[in-house]
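Close look at the chain arrangement
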Amino acid sequence: MTNSATSLRTHLCGELRTTHIGSTVSVCGWLARRREHGEHLAFFDIRDHSGVIQCVVDRTVDVRSEYVVRITGVVRQRPEGTANDTLPTGEVEIGDCQVEVLNIAEPPPFPVDSRADDVDENVRLRHRYIDIRRERMQRNVRLRAKVNSAIRRAMEEQAFVEVETPFLMPSTPEGAREFLVPSRKEPGSFYALPQSPQLWKQLLMVAGVDRYYQIARCLRDEDLRADRQYEFMQLDAEMSFVTQPDVLAAIGRAVTAAAKAATGEDIPPIEQITWREAMERFGVDKPDLRFGMELVELTDVFAKTEFKAFASAAAIKGIRVDAATYPEQAAWGRGRLDAITDRAKQLGAKGLVWLKVAADGSFESPVAKFISAPETAEIIGRFGAVAGDMILIVADEWSTTCEVLGQLRNDIGRPPVHEGPYRYVWVVEFPLFVGLDPTTGKPRPGHHPFCHPHPDDLALLDTDPLRVRALAYDLVLNGWELGSGSIRIHDPAMQRTVFNKLGISDEEADRRFGFFLQPFRYGAPPHGGFAFGIDRLTAILAGEENIREVIAFPKTQSGLDPMTNAPTKVDPAQLAELGIRVLPPATK
RNA sequence: GGUCCCGUGGUGAAGUUGGAGUUCACGCCGGCCUGUCAAGCCGGAGGUCGCGGGUUCGAGUCCCGUCGGGACCGCCA
């Protein structure tokens, strides 16, 4: 703060302390609040990004909410009994104030303080320049800058080189939907904005850059969510002559540095869990380790069951909503139970069985009569359930059972983002392929088709491709997927093999990925990399549920900007120059 | 593409069984006030109940559509 002085100000509002008593100071800022006591005494709270200082004015001045002012006066101790211990500057005030109005202002559309947290977000976004004046938003904006800065420092200390990559690139239809940019010189042709710099960074490895990083803007034309915007920032990195542990260590240092810069706290070494274990125990590939309620295996319990819904199920698992930790949820009545059953069905389950543990150790449930006494005892035993607990069971394909329960576990037990410790975890050994493409009958890539298979599973490529693990990994924090990466295939023969499994012929590979594959014939080093989302990391470190709160000018869920009204219609002449004619909207 | 919730002065809310644009708080404007601190007291202004249609003697309230916002599913290799 010491170098914030300018020709107009000597100090920031929020930095004045008892050590400044006696100094003549000038501060500049916005009038946050005015308390008038007649024409001979008024208190002005002046706000800048650093905080608020009380200024005492002994004459009438027409200064209103959010007027931009410059105050000059002498810092003094507040009189006995009038200090404000809720304010960092509360022991002092600026007295004998000269007030200079630098600019007038209309009354703001919402209070420029924490009360605006309850204001319709659309209104906040329409006047984002006022919203960001608030302490919360200033904190978030500055926290984000700290995160960026710490990441840069950590990457550079590890000999990563920042390289900027093109924004205008060819369209590559794989993966996320792209934003297209029409070419003026080649009407009918389009550039695509990068979904990520994936292509470029691997070429930089072929180019001998050795370690690349970039705090890169990525654009994806997919529907928006609390943790997704059209444009978002990633720490994008790639390294040569590495194996998986090298990449995890390097990225781990960057995340650790960012977390330290944001919270001041060191984080312990990041633990690892395999994808399989994450699915078995938490039912998701991005487990929130802040709470228990782990999935419990029940398939064998019902091996010989009379209960038809369970008899033929491939996998049966359950979670226990323990009444001590979740008294409200464990006691849910029929309405809430119906709602969560609907939720389970929406997620793909055929149904959901709920069992309430009665005082005598029996189950209260519409299906209790189908569950034998030995089965009941075994279930109670496996969960360690006690009276009052509720048990939710799904019986389905393995992946559906895990995924549905994992989602219900999150719905019921997940703490708010600002709560609990930060639990970072590497999820490793993702499957190389996930499921079969319904049209081709071939496996689909789990991450992307350039992911290196796990060396221990190469033999399975021919016999059981869906069981092949990849050298692919995700970084997860408190149930949020921060990012993912992999060791890449650098050997053209291996690449051909994987394409072959995906049902992509040499010719098709050449056609679709030729510009990318050809360079690999000129000596590609073994390499791997990673990218993680800075918006998401910053949001969690800021304790925000929504990444919009850590983005200065975000879009709404429907992709609009309430401030600029983007996207807008454009002049027909502009379209003509680009060779574009807009079709009338499709009618139903 | 789908499911659910929301839309009432500048802001946040309440509005009962369908019965007058009614109410509360903050803000705003004017007045008073010499130690307040999201000051206090007095007075005042401010509305296309998102928009359109329907039902009804009568709609903020019920129905349909639409626009906008949010959460989620699909989607995000």
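Residues numbered from 1 in each chain as written. Chains lettered and ligands numbered in written order. Predicted model: local features only at pLDDT ≥ 70, side-chain atom pairs only at ≥ 80, totals over all residues. Heavy atoms only, no water.

Moving on: the packing of helix α3 (residues 135-157) against helix α5 (residues 244-263). Look at α3 against α5: their axes get within 8 Å of each other, and the N-to-C directions meet at 145°. Relative to α5, the crossing made by α3 is right-handed. Contacts between α3 and α5 involve L143, K146, V147, A150, I151, A154 and M155 from the first element and R253, A254, A257, A258, A261 and A262 from the second. (Axes fitted to C-alpha atoms, helices over the stretch in contact; angles between N-to-C directions. Helix = DSSP H or I, 4+ residues; strand = E, 2+ residues; numbered from the N terminus. Left-handed = near helix turned anticlockwise from the far one by under 90°. Contact = heavy atoms within 4.5 Å.)

The end-to-end C-alpha distance of helix α14 (residues 506-517) is 11 Å, clearly below the 16 Å that 12 residues give at a rise of 1.5 Å each. For α14, the set of buried residues is A509, F513, G514, F516 and L517. Down the axis, α14 shows its buried residues gathered within 165° of arc, on one side only. In this structure, α14 carries E507 and R511 as exposed residues pointing more than 90 degrees from its buried face. (Expected span 1.5 Å × (residues − 1). Buried < 20%, exposed > 50% of the residue type's maximum accessible area, 1.4 Å probe, protein only. Arc of directions from axis to C-beta.)

A few words on the layout of surface pockets. Approximately 950 Å³ is the volume found for the second largest pocket. Residue lining of the second largest pocket: 37 residues in total, with R47, G51, V52, V112 and E135 positioned closest to the centre. Only β1 (24-36), β2 (42-48), β3 (51-57) and α3 provide two or more residues apiece to the lining of the second largest pocket. For the lining of the second largest pocket, the leading source of residues is α3, giving seven residues. (1 Å grid on protein atoms, 1.4 Å probe; cavity = no way out; pocket = protein on both sides within 12 Å on 5 of 7 lines; lining within 4 Å. Points joined across faces, edges and corners; volume = space filled by probe spheres on them.)

This paragraph deals with the sheet that holds strand β16 (residues 390-396). Judged by pairing direction, the sheet is antiparallel, and its five strands sit side by side in the order β12-β13-β16-β14-β15 without closing on themselves. With partners counted over all chains shown, the strands left at the sheet margins are β12 (296-297) and β15 (363-364), one partner each. (Pairing = 2+ DSSP bridges.)

To continue, consider the protein's contact with RNA strand B. Taken together, 50 residues surround RNA strand B, and among them R33, E36, T82, D113 and H447 come closest. Counting only atoms of RNA strand B within 4 Å of the protein, the sugar-phosphate share comes to 51%. Interatomic distance of 2.9 Å between a side-chain N/O atom of R33 and a phosphate oxygen of RNA strand B. Between a phosphate oxygen of RNA strand B and a side-chain N or O atom of T556, the distance comes to 2.8 Å. Among the secondary structure elements, those contributing two or more residues to the surface near RNA strand B are β1, α1 (121-126) and α9 (334-346). (Near = heavy atom within 4 Å. Polar contact = N/O pair within 3.5 Å; in protein donor to acceptor, adjacent residues only side chain to side chain.)

Spatial relationships are all this shows, so hold off on functional conclusions.
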